[in-house]
Amino acid sequence: MSSAGSIAGKTVFITGGARGVGAEVARRLHAKGARLVLTDLDEAPLTEMRDVLGADRVHTVVADVRDLGAMETAADAAADRFGGIDVVMANAGIATYGSVLQVDPQAFRTLMDVNVLGVFHTVRATLPSVLDRRGYVLIVSSLAAYAAAPGLAPYNASKAAVEQFANALRLEVRHRGVDVGSAHMSWIDTPLVRDTKSDLPTFTEMLSKLPFPLNRTTSVEACGAAFVTGIERRRRQVNCPGWVGALRWIKPVLSTPAGEQQVVKFVPDLLPRMDAQVAALGRSMSSRTQDLEER
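Residues numbered from 1 in each chain as written. Predicted model: local features only at pLDDT ≥ 70, side-chain atom pairs only at ≥ 80, totals over all residues. Heavy atoms only, no water.

- The protein goes by NAD(P)-dependent dehydrogenase (Short-subunit alcohol dehydrogenase family) in an unreviewed UniProt entry, where it is assigned to Mycolicibacterium iranicum.
- Quoted verbatim from the Sequence similarities (unreviewed entry) heading of the UniProt record, the comment on the protein is "Belongs to the short-chain dehydrogenases/reductases (SDR) family." (UniProt positions renumbered as here; feature names shortened; annotations may be inferred.)

### Here we look at a nonpolar patch on the surface
Move 1: A cluster of nonpolar side chains, contributed by Trp-249, Ile-250 and Val-253, occupies part of the molecular surface with about 350 Å² of accessible area.
Move 2: Relative to the helices and strands, Trp-249 is located in helix α9 (residues 244-249).
Move 3: Trp-249 sits in the exposed class, given a relative accessible area of 68%. (Patch = residues over 30% accessible without salt bridge, like charges linked within 9 Å, V, L, I, M, F, W, Y side chains within 5 Å. Areas by Shrake-Rupley, 256 points an atom, 1.4 Å probe, with all protein chains shown as cover. Salt bridge = Lys/Arg side-chain N within 4 Å of Asp/Glu carboxyl O. Helix = DSSP H or I, 4+ residues; strand = E, 2+ residues; numbered from the N terminus. Buried < 20%, exposed > 50% of the residue type's maximum accessible area, 1.4 Å probe, protein only.)

### Details of the side chain of Ser-129
Move 1: Relative to the assigned elements, Ser-129 resides in helix α4 (residues 105-132).
Move 2: Dropping the residues within four chain positions of it, Ser-129 is found in contact with Gly-84 and Ile-85. (Contact = heavy atoms within 4.5 Å.)

### Brief notes about the layout of surface pockets
Move 1: What the second largest pocket holds in volume is close to 200 Å³.
Move 2: Around the second largest pocket, the lining comprises 16 residues; the ones closest to its centre are Ala-18, Gly-20, Ala-23, Glu-24 and Arg-27.
Move 3: The set of elements that each furnish at least two residues to the lining of the second largest pocket consists of α1 (20-31), α2 (43-53), α6 (191-199) and α8 (220-233).
Move 4: In terms of residue count, the dominant contributor to the lining of the second largest pocket is α2 (five residues).
Move 5: In terms of residue class, the lining of the second largest pocket is built from eight nonpolar, two polar and six charged. (1 Å grid on protein atoms, 1.4 Å probe; cavity = no way out; pocket = protein on both sides within 12 Å on 5 of 7 lines; lining within 4 Å. Points joined across faces, edges and corners; volume = space filled by probe spheres on them. Nonpolar A, V, L, I, M, F, W, Y, C, P; charged D, E, K, R; others polar.)

### Describing the pattern of salt bridges
Move 1: Here the structure, examined in full by the defined rule, presents 15 salt bridges.
Move 2: For Arg-234, the salt bridge is made with Asp-179, and the minimal N-O distance between the two is 2.6 Å. Taken together, the residues Arg-234 in the loop between α8 and β9 (237-240) and Asp-179 in strand β6 (residues 179-185) connect sequence positions 55 residues apart.
Move 3: Taking the relative accessible area as the measure of exposure, Asp-179 reaches 27% and is therefore partly exposed.
Move 4: A network of salt bridges, in which partner residues are shared, links Glu-24, Arg-27 and Arg-28.

### With respect to the pairing of strand β4 (residues 87-90)
Note on strand geometry: in a regular strand, side chains alternate between the two faces of the sheet.
Move 1: Residues of β4 alternate between two faces, with Val-87 and Met-89 on one and Val-88 and Ala-90 on the opposite face, all of them buried.
Move 2: The sheet contact formed by strand β1 (residues 11-15) and β4 spans three bridges and is parallel. Each residue of the ladder has a partner; that of Phe-13, found in β4, is Val-88.
Move 3: Pairing analysis gives four bridges linking β4 to strand β5 (residues 136-140), with the strands arranged parallel. (Pairing = 2+ DSSP bridges.)

Below, the structure is given as structure tokens:
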């Protein structure tokens, strides 16, 4: 896969492949003839993906991105099954609830381990094969790397970190024929966002108070289509919706007093109520994420 073109016959390795954007991208790539290696912690929907798409071109591995050995085993399985890896999509990620003073410190650590260390482990394990095939790596960052939001400091920090990880990785491997991109999405109608809306009414309220178009939610289908195009064209940035790319250019302005003006107006009222809702829940992550942690 040394240049942009057809994905048919290529092997794509996707973490967080059981649900949301990861699953949507997997379905679309499979329809285009790709072979898939999907990893996730959630075995039931992962197995369902394999059964629905067909095991002839889909290999699934229950693996934790926080475990380098597990990711190396998954990468080895990809090589054994399909001969190697052409594309890696480091997609697994979680969110936490609450301000810096409210969020459970262990939840903060878990998020950083999944969202940042998990990206490193994914790339470290798969990169030798991608180098052999002069392939493509897509690191899933977020609009959160460009614009911060109150109550989401851990998530914001992790997505900014992996954007720079992608930028540094690109410098290291470009001369060896590997392209690296970072994906940046606004609010996508994924289980992560739906869980947060369900748990925290103040989260939905906060979204409604953000300036247009930051208050809009995009479908998983639209995001999946953008990701597939980005993979096929080996893009440096994949933005969904397209206007997110404009924020990259004005990023320095967003953290100035002028850029923060509309948000700081609602924080004194909304953030204490958000933290009260988090305290009442008794957890700083979704019940689904917590259940997976406790298995």
